[in-house]
Amino acid sequence: MRFMADADDSFEAHSFPATTGELIDEYGELELQLPNGTETLGDALGRLGEETYQDAEGAKLAARSAISEKGIGRKGYSDRDAPTVGENGPEQVSF
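Everything numeric here is computed off the predicted structure, so don't read it as measured data.

## Brief notes about the nonpolar core
Core analysis: the biggest nonpolar cluster contains 19 residues, and Phe-11, Phe-16, Leu-23 and Leu-41 have the highest contact counts within it. Broken down by element, this core gets its largest block of residues, four residues, from helix 4 (residues 56–65). With residues up to four places along the chain from it excluded, the contact list for Leu-41 reads Ala-7, Phe-11, Tyr-27, Gly-28, Leu-30, Leu-32 and Ala-63.

## Regarding helix 1 (residues 5–13)
Along helix 1, the residues that are buried comprise Ala-5, Ala-7, Asp-8, Ser-10 and Phe-11. Against the buried residues of helix 1 lie helix 2 (20–27), strand 2 (31–34), helix 3 (41–46) and helix 4.

## Regarding the pattern of salt bridges
Taken as a whole and judged by the stated rule, the model has four salt bridges. With a shortest N-O distance of 2.8 Å, Asp-8 and Arg-64 are connected by a salt bridge. Of this pair, Asp-8 sits in helix 1 while Arg-64 sits in helix 4, and the two are 56 residues apart along the sequence. Residue classification places Asp-8 among the buried positions, given a relative accessible area of 14%. What makes Arg-64 partly exposed here is its relative accessible area of 26%. In this structure, Glu-57 and Lys-60 form a salt bridge, with 3.6 Å as the shortest nitrogen-oxygen distance. Of the two residues, Glu-57 and Lys-60 both sit in helix 4, three residues apart, roughly one turn of that helix. A relative accessible area of 44% means that Glu-57 is categorised as partly exposed. Residue Lys-60 is classed as buried on the basis of its relative accessible area of 11%. Each of Glu-12, Glu-57 and Lys-60 takes part in salt bridges that share partners, so that together they form one network.

Quick notes on the rules
- Residues numbered from 1 in each chain as written.
- Predicted model: local features only at pLDDT ≥ 70, side-chain atom pairs only at ≥ 80, totals over all residues.
- Heavy atoms only, no water.
- Core = buried A, V, L, I, M, F, W, Y, C linked by side-chain atoms within 4.5 Å.
- Buried < 20%, exposed > 50% of the residue type's maximum accessible area, 1.4 Å probe, protein only.
- Helix = DSSP H or I, 4+ residues; strand = E, 2+ residues; numbered from the N terminus.
- Contact = heavy atoms within 4.5 Å.
- Salt bridge = Lys/Arg side-chain N within 4 Å of Asp/Glu carboxyl O.

These results come straight from atomic positions and should not be treated as a statement about function.
This is how it looks when you write it as structure tokens:
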């Protein structure tokens, strides 16, 4: 995820363990350029509640899990899964 590169670098340089609040205080203003807009790392981490992360990897995974819908591209889109029985799928789009 290219938009998380700056956050990943920041977490790698940070001293752990660290709490959500500490990470927000330190890196909360870092702006993430998402496929459908922007949000700050503080906005994403703020959705998680107070946690203590033991290492950079845990903090990176948590931050990725908390990114808003702006980070998912086309909402509800899949080019692999057909609709289930009884479900109406999305309208087909031709590119």
